[in-house]
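# Tertiary structure, described
Each chain, letter by letter, is given below.
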Amino acid sequence: MGAANVGGGTSTVGGDVTSNGAMMVGGAVTALNGPIVSGSITSTGDSTIGAYATVGGDMLSGGAATTDANANVLGNLWSGGAATVGANSTVSGNLTSTSGPITISASGNVGGIQTTGGAMPTLSGVRTSVSSESTQVTNAQTLLSGLGSGTALAAVPYSMTLAPGVYSAASLSMAAGNTFTLDGQGQEDPFWVFNIKDILAPGDNTVVSLINAGDSASVFWNVSDGYASIGDNSTFIGTIFADNYISVGASTTVSGLGSSCGGIFSATSYVSTGDGASIGGIGCSGVNVTSVTSAVPEPQMFGLMLTGLGVLGFVTRRRAQAKRA
């Protein structure tokens, strides 16, 4: 069973986080730098919200649910086990435990009704929902891979400028401290597709930037058989798909283009972000997988819409062991 981990410190997720396993949102030492998940969090296992962390929506936990000291849930909280609200922690809405005690610290606060033995109507479909979203991500990866290899990249490239198009590598370990510039050459809707078979591993302090492109530009990183691991203190743009896990280093930013959140999506495993990492942005929209056909430079819509996926992605049970995170 997979899990989702949002790092502590100033980590930010501009959307929902869904996990077919345990959920952990890290903590901070002061209210000035607490992690923020702007949407809701949903997990089929235990869930913990760290000190000074804020969840802008609801918190749905299939197992025990814990909000540490000074944490805030601005919506409702449902727990499939024991529910614990820490010191100076607030749940603005209702608190429901389906099968466990509710414990509220003397300085904790629940704004709505407290119910023991109540129903959790939306959680029962999480596994089905995650499975469906996993299929969407797999379908997206298949379509992206179907665009072919395009221009081959070195396994360890250094700073370079890339025109719109399709690029490929068996593995892509982008050298630390380098800048990769995507030059739209004045096009309104340029696209870049990076088809990587095994590993995407940009080093620390890697920067991927966009120039000379309109608001409809799109960037997709497609790791068809392996994983993606983004180094610390990096700036990354676009949407990352991986068959296996995705980890984002401390103080790293992964953002979309225009009003799109971008995001990180694992088809079969977990997603994890380090302390101070930022995924998407507040108020951005879900992922719209725009056409990436061989007709460069004017792609057309191929009809696969992933706007229902949360920005961080989601976690699923590995198929071998049995796409809006």
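What counts and how
- Residues numbered from 1 in each chain as written.
- Predicted model: local features only at pLDDT ≥ 70, side-chain atom pairs only at ≥ 80, totals over all residues.
- Heavy atoms only, no water.
- Helix = DSSP H or I, 4+ residues; strand = E, 2+ residues; numbered from the N terminus.
- Buried < 20%, exposed > 50% of the residue type's maximum accessible area, 1.4 Å probe, protein only.
- Areas by Shrake-Rupley, 256 points an atom, 1.4 Å probe, with all protein chains shown as cover.
- Pairing = 2+ DSSP bridges.
- Salt bridge = Lys/Arg side-chain N within 4 Å of Asp/Glu carboxyl O.
- Core = buried A, V, L, I, M, F, W, Y, C linked by side-chain atoms within 4.5 Å.
- Contact = heavy atoms within 4.5 Å.
- Phe/Tyr/Trp six-rings, centres within 6.5 Å; stacked < 30°, edge-to-face > 60°.
- Polar contact = N/O pair within 3.5 Å; in protein donor to acceptor, adjacent residues only side chain to side chain.
- pLDDT = per-residue confidence, 0-100.

### Brief notes about the overall build of the protein chain
- For the protein chain, the helix and strand inventory stands at one helix and 35 strands.
- Buried residues in the protein chain amount to 53% of all 325 residues.
- In the structure as shown, the protein chain presents an accessible area of about 12000 Å², 50% of it carried by carbon and sulfur atoms.

### Re the pairing of strand β32 (residues 263-266)
- Residues G263 and F265 point to one face of β32 and I264 and S266 to the other, with burial holding for every one of them.
- Pairing analysis gives four bridges linking strand β29 (residues 239-242) to β32, with the strands arranged parallel. Looking at the pairing, A242 lines up with S266 of β32.

### Points about the pattern of salt bridges
- As enumerated under the stated definition, the model contains one salt bridge in all.
- Notably, a salt bridge pairs D225 with K197, separated by 2.5 Å at the nearest N-O pair. Of this pair, D225 sits in the loop between β26 (218-223) and β27 (227-230) while K197 sits in the loop between β23 (191-196) and β24 (199-200), and the two are 28 residues apart along the sequence.

### Side note on the nonpolar core
- In this structure, F194, L200, W221, F236 and I240 are the most contacted members of the largest nonpolar core, which totals 52 residues.
- Apart from the residues lying within four places of it in its own chain, the contact partners of I240 are L200, W221, A228, I230, I246, V254, G263, I264 and F265.
- Membership of the second largest hydrophobic core comes to 10 residues, among which are V166, F220, F241 and F265.

### Re the side chain of S272
- On the secondary structure map, S272 appears in strand β33 (residues 271-273).
- Residue classification places S272 among the buried residues on the basis of a relative accessible area of 17%.
- The contacts of S272, once residues within four sequence positions are left out, are N5, I246, S247 and V248.

### Concerning the environment of D189
- By the secondary structure assignment, D189 is in the loop between β22 (179-187) and β23.
- Note on D189: relative accessible area 28%, which makes it partly exposed.

### Things to note about the packing of aromatic side chains
- All told, the structure shown has six aromatic pairs when counted by the stated rule.
- Their ring planes at 15 degrees and their centres at 6.4 Å tell us that F220 and F241 sit as a pair that is stacked. One end of the pair, F220, is in strand β26; the other, F241, is in strand β29, and 21 residues separate them in sequence.
- We classify F241 as buried; its relative accessible area is 0%.
- Their ring planes at 10 degrees and their centres at 4.7 Å tell us that Y227 and Y245 sit as a pair that is stacked. You can see Y227 sitting in strand β27 and its partner Y245 sitting in the loop between β29 and β30 (246-248), a full 18 residues away along the chain.

### Regarding the sheet that holds β26
- Judged by pairing direction, the sheet is parallel, and its six strands sit side by side in the order β19-β21-β23-β26-β29-β32 without closing on themselves. Two strands in the sheet have a free side with no partner beyond their single neighbour: β19 (151-152) and β32.
- Pairing between β26 and β29: four bridges, direction parallel. By the bridge assignment, W221 is partnered in β29 with I240.

### Observations regarding the environment of S216
- By secondary structure assignment, the location of S216 is in the loop between β25 (207-213) and β26.
- Apart from residues no more than four positions distant in its own chain, S216 is found in contact with E188, D189 and P190.

### Structural notes on the side chain of T252
- Here T252 is to be found in the loop between β30 and β31 (253-255).
- A relative accessible area of 0% means that T252 is categorised as buried.
- Of the polar contacts made by the side chain of T252, one reaches the backbone oxygen of G231; its length is 2.5 Å.
- Polar side-chain contacts of T252 include one of 3.0 Å to the backbone nitrogen of S234.
- If we ignore the near neighbours within four places in the chain, the residues touching T252 are I230, G231, D232, N233, S234, G276, A277 and S278.

### Focus on unusual backbone geometry
- Positive phi, close to 65 degrees, is recorded for N70, a residue that is not glycine.
- Although it is not a glycine, N212 sits at a positive phi angle of roughly 55 degrees.

### Focus: the confidence of the model for the protein chain
- Scored by pLDDT, the protein chain has a mean of 79; 78% of the residues are at 70 or more.
- Within the model, the stretch residues 123-128 combines pLDDT values under 50 with 12 contacts to residues more than four positions away or in other chains.
- Note that pLDDT drops below 50 for residues 288-325; the model gives that stretch 143 contacts with residues more than four away or on any other chain.

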